[in-house]
Each structure stands twice: as C-alpha cells, then as structure tokens.
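Architecture and fold: a report
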Amino acid sequence: IDGVLDANLASRACSELAAMEASGDVQASKDPCNVGARAVWLHFETPAERSRLPPVLGDLCDRLAGLPHALLARATEADGSEALDSPSLRVHPHVMAATYRK
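Residues numbered from 1 in each chain as written. Predicted model: local features only at pLDDT ≥ 70, side-chain atom pairs only at ≥ 80, totals over all residues. Heavy atoms only, no water.

Things to note about the nonpolar core
Residues Met20, Val40, Leu42 and Cys61 are the most contacted members of the largest nonpolar core, which totals 15 residues. Put simply, the parts of the chain that give this core at least two residues each are α1 (7-22), β2 (37-43), α3 (55-77) and β3 (94-100). If near-sequence neighbours (up to four positions away) are discounted, Val40 is found in contact with Leu17, Met20, Asp25, Val26, Val95, Met96 and Ala97. (Core = buried A, V, L, I, M, F, W, Y, C linked by side-chain atoms within 4.5 Å. Buried < 20%, exposed > 50% of the residue type's maximum accessible area, 1.4 Å probe, protein only. Helix = DSSP H or I, 4+ residues; strand = E, 2+ residues; numbered from the N terminus. Contact = heavy atoms within 4.5 Å.)

Remarks on the sheet that holds β2
Read from one edge of the open sheet, 3 strands run β1-β2-β3, paired in antiparallel fashion. The outermost strands of the open sheet, each flanked by one partner alone, are β1 (27-28) and β3. Strand direction decides the pairing type here: β2 and β3, joined by 7 bridges, are antiparallel. Of the residues in β3, the one forming a bridge with Ala37 is Tyr100. (Pairing = 2+ DSSP bridges.)

Things to note about the pattern of salt bridges
Counted by the stated rule, this structure contains 2 salt bridges. Across the salt bridge formed by Glu21 and Arg38, the nearest N and O atoms sit 2.7 Å from each other. With a gap of 17 residues between them, Glu21 in helix α1 and Arg38 in strand β2 connect regions that are remote in the sequence. (Salt bridge = Lys/Arg side-chain N within 4 Å of Asp/Glu carboxyl O.)

Some remarks on the confidence of the model for the chain
When pLDDT is averaged along the chain, the result is 87, and 89% of the positions lie at 70 or above. Summarising per-element confidence for the chain, the mean pLDDT is lowest in α3 (88) and highest in helix α2 (residues 47-51) (96). (pLDDT = per-residue confidence, 0-100.)

Here it is, written out as structure tokens:
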C-alpha cells in the first residue's frame, strides 16, 4: 500500500536485502506459486536470531510482529455500544523478504 512505509525506510530495507542477495543469502524460490521470487527467511524468535538481522529489516520484522497487539488494543478502545469481535492474532516469528526480477 503506497505511503505505509517512509520512502527512506523502504529504500534502506531494499539496500539491506540487496546486500544479502549479493552475499548469497537470498535464494531463488522453488515454490510454483512464487515464480521469479528470490527470497530469504528472516527469523526473529530468539534474541540470537534478532541480533543476526540487518538493522532495518529487523526493525520491519518488529513492526510486523507488533501488529496483532496494536490491532487488538484498537479493538478494545472502539467507541460505540457494540464491542468489536476480534480474533486472537499472532505472528509467526519468521518473515520472508523477497525480490522479484522482471
């Protein structure tokens, strides 16, 4: 969605992903649903895994992981006479970062 991320942040994340690709960490996808993708899984379940992430990509993982809490908090703050029915949300602590070539 346009405008969700600051352009500078997105550019820095792309640079980190390009550096990972140059060092051989990004691999061609073997998934037939993701033809043309070159991807790497970013693991952030443990402090050790988080420490190995490039800083901007790690920040984006943290932001994604925080979405369930933010959405559930917003649901409980909703005004009106009807409470919002919200599911229990969780994020799997692995994010696939991908590039696509034309």
